[in-house]
Amino acid sequence: MRPPPLAAVTILLVLGYWVFMRGHEGLLDRAAYAAFGWTIAAVALAASLISAFGALPQLPQLRRLNAPTQFGIRQLVRELTEVFQARSFLCLFLSTLLFWTSAGLAATLGVHANLYFWKLPDEVVATLPLVNIAGFVAGLPLSTYLTHRFEKREVALIGLFATCGVQFVAAPLAILGLLPTGTALHIILGAVAFAGGMAGTCAFVAWGSMMSDAVDEHELLFGA
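Rules used throughout
Residues numbered from 1 in each chain as written. Predicted model: local features only at pLDDT ≥ 70, side-chain atom pairs only at ≥ 80, totals over all residues. Heavy atoms only, no water. Helix = DSSP H or I, 4+ residues; strand = E, 2+ residues; numbered from the N terminus. Buried < 20%, exposed > 50% of the residue type's maximum accessible area, 1.4 Å probe, protein only. Contact = heavy atoms within 4.5 Å. Phe/Tyr/Trp six-rings, centres within 6.5 Å; stacked < 30°, edge-to-face > 60°. Patch = residues over 30% accessible without salt bridge, like charges linked within 9 Å, V, L, I, M, F, W, Y side chains within 5 Å. Areas by Shrake-Rupley, 256 points an atom, 1.4 Å probe, with all protein chains shown as cover. Salt bridge = Lys/Arg side-chain N within 4 Å of Asp/Glu carboxyl O. Lys, Arg positive; Asp, Glu negative; His and termini not counted. Charge placed at Lys NZ, Arg CZ, Asp CG, Glu CD. Core = buried A, V, L, I, M, F, W, Y, C linked by side-chain atoms within 4.5 Å. Axes fitted to C-alpha atoms, helices over the stretch in contact; angles between N-to-C directions. Parallel < 35°, antiparallel > 145°, perpendicular 65-115°, else oblique. Left-handed = near helix turned anticlockwise from the far one by under 90°.

> Any chance you could explain the overall build of the protein here in plain terms?
Looking only at helices and strands, the protein features 8 helices and 0 strands. Walking the protein from its N terminus toward its C terminus, one meets helices and strands in the order α-α-α-α-α-α-α-α. Here the protein holds 224 residues, and 25% of them are scored as buried. Within the protein, counting contacts between residues at least 6 apart in sequence, those at least 24 apart form 77% of the total.

What follows is the structure in structure tokens.
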């Protein structure tokens with residue numbers, strides 16, 4: 001339900017756009033993707049091992065639960081039924097599922113759009129994702145401000161609609177011939193990426209906090 005850590009995303013983007021798939025031809029090179037995939041897998045494995053072994057000293061301080069002695073299909077079905085009986089969790093789960101599905105499609109198609117629709121220079125294609133990451137960071141104080149003034153659900157809706165809105169605006173305007181070309185277009189697309197990152201942070205922070213509330217509600221309703 002949570003977005004990946006910004007540091008991990010930044011490493012992925014830098015390795016992808018500036019090392020393995022640098023330039024227009026690199027994005028179209030199948031061999032570059034294979035090497036990139038293996039490298040990212042190694043980075044992910046190393047990060048997982050560091051995190052796991054780094055957490056070992058904290059084990060004595062963690063709350064210990066009595067694990068069930070037996071676990072079967074009947075218990076699994078019962079617990080899944082309980083999970084989806086919680087309306088707040090169901091709404092949260094479905095909304096984040098739809099959002100991340102659409103976000104994954106947008107990110108994948110965005111590479112093709114940058115190359116063939118916007119026809120951006122290679123350095124701009126590689127820079128826009130980093131601008132988006134900067135927007136995520138800049139959105140942290142904004143999300144703090146909004147969560148002090150509005151309910152979590154309202155902040156999540158604001159972030160969601162703003163994220164979708166900024167992604168929707170540019171392409172129709174370009175089709176209608178209302179956007180400039182050259183450097184001015186690059187600046188506009190950078191502003192869209194930055195604004196989308198800020199809006200996304202607002203939604204992500206609210207969603208994460210709401211998930212904690214959903215866990216507490218589940219324990220209250222079902223005692224588990």
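Still to come is the rest of the account.
> Explain the side chain of Thr 163 here, please?
Relative to the helices and strands, Thr 163 resides in helix α7 (residues 152–175). Contact partners of Thr 163, with chain neighbours within four places excluded, come to Phe 99, Gly 196, Ala 199 and Gly 200.

> How should I be thinking about the packing of aromatic side chains in this particular structure?
In this description, a pair of aromatic rings is defined by centroid distance and the angle of the planes. Across all of its chains, the model carries 11 aromatic pairs by this definition. With a centroid separation of 5.2 Å and an interplanar angle of 65°, the aromatic rings of Phe 99 and Trp 207 are classed as edge-to-face. Separated by 108 residues along the polypeptide, Phe 99 in helix α5 (residues 87–117) and Trp 207 in helix α8 (residues 183–222) bring together distant segments of the chain. Members of the aromatic cluster, joined through ring pairs, are Phe 99, Trp 100, Phe 136, Phe 204 and Trp 207.

> When you look at a negative patch on the surface in this model, what are you seeing that I'm missing?
Together, Glu 25, Asp 29, Asp 122 and Glu 123 make up a negatively charged patch on the protein surface. Turning to its location among the elements, Asp 122 is positioned in helix α6 (residues 122–149). Overall, Asp 122 belongs to the partly exposed group, its relative accessible area being 32%.

> I keep staring at the nonpolar core and nothing clicks. Help me out?
If you look at soluble globular proteins, the nonpolar side chains tend to sit buried side by side. Membership of the largest hydrophobic core comes to 35 residues, with the highest contact counts inside it found for Tyr 17, Leu 27, Trp 118, Leu 120, Leu 189 and Trp 207. Of all the secondary structure elements, the ones that give two or more residues to this core are α1 (6–20), α3 (30–55), α5, α6, α7 and α8. Leave out the neighbours within four places in its chain, and Trp 207 touches Leu 92, Ser 95, Thr 96, Phe 99, Ala 156 and Leu 160.

> Help me understand the packing of α5 against α7 in this model?
Axis angle and axis distance: for two packed helices, these are the angle between their axes and the distance between the axes, and together they describe the pair. Two elements in contact, α5 and α7, have axes whose closest approach is 13 Å; the angle formed by their N-to-C orientations is 25°. In terms of their interaxial angle, α5 and α7 are classed as roughly parallel. With respect to the hand of their crossing, α5 and α7 are arranged in left-handed fashion. Between α5, through Phe 99, Ala 106 and Phe 117, and α7, the contact on the second element is made entirely by Leu 160, Thr 163, Gln 167, Ala 171, Ala 174 and Ile 175.

> Explain the side chain of Thr 201 to me, please; I cannot follow it from the model alone.
Within the element layout of this structure, Thr 201 appears in helix α8. Not counting the four nearest positions on each side in its chain, Thr 201 is found in contact with Gly 135, Phe 136, Gly 139, Leu 140 and Ser 143.

> So what exactly am I meant to see when it comes to a nonpolar patch on the surface here?
On the surface, Leu 45, Leu 49, Phe 53, Leu 56, Leu 59 and Leu 62 cluster together into a nonpolar patch covering about 600 Å² of accessible area. Along the chain, Leu 62 falls in the loop between α3 and α4 (73–85).

> Explanation requested: the pattern of salt bridges in the structure shown.
Pairing between side chains becomes possible if they bear opposite charge and their charged atoms approach one another. Inspection of the entire model under this criterion finds 1 salt bridge. With a closest N to O distance of 2.6 Å, Asp 213 and Lys 152 form a salt bridge. Of this pair, Asp 213 sits in helix α8 while Lys 152 sits in helix α7, placing them 61 residues apart in sequence. According to the relative accessible area criterion, Asp 213 is partly exposed, its value standing at 37%. Owing to a relative accessible area of 30%, Lys 152 belongs among the partly exposed residues under this scheme.

> Looking at this model, I keep getting lost on the environment of Phe 53. Mind explaining?
Within the fold, Phe 53 resides in helix α3. Spatially, the C-alpha atom of Phe 53 lies 37 Å from that of Asp 29, the residues being 24 residues apart in sequence.

> Could you clarify how one ought to interpret the environment of Thr 183 in this entry?
Topologically, Thr 183 is positioned in helix α8. Classification of Thr 183 by relative accessible area gives exposed; the value is 58%. With 131 residues separating them along the chain, Thr 183 and Ala 52 place their C-alpha atoms 46 Å apart.

> What's the story with the environment of Leu 90 in this structure? I'm lost.
Within the secondary structure layout, Leu 90 lies in helix α5. Taking the relative accessible area as the measure of exposure, Leu 90 reaches 27% and is therefore partly exposed. The spatial distance from the C-alpha of Leu 90 to the C-alpha of Ile 175 is 38 Å, given a sequence separation of 85 residues.

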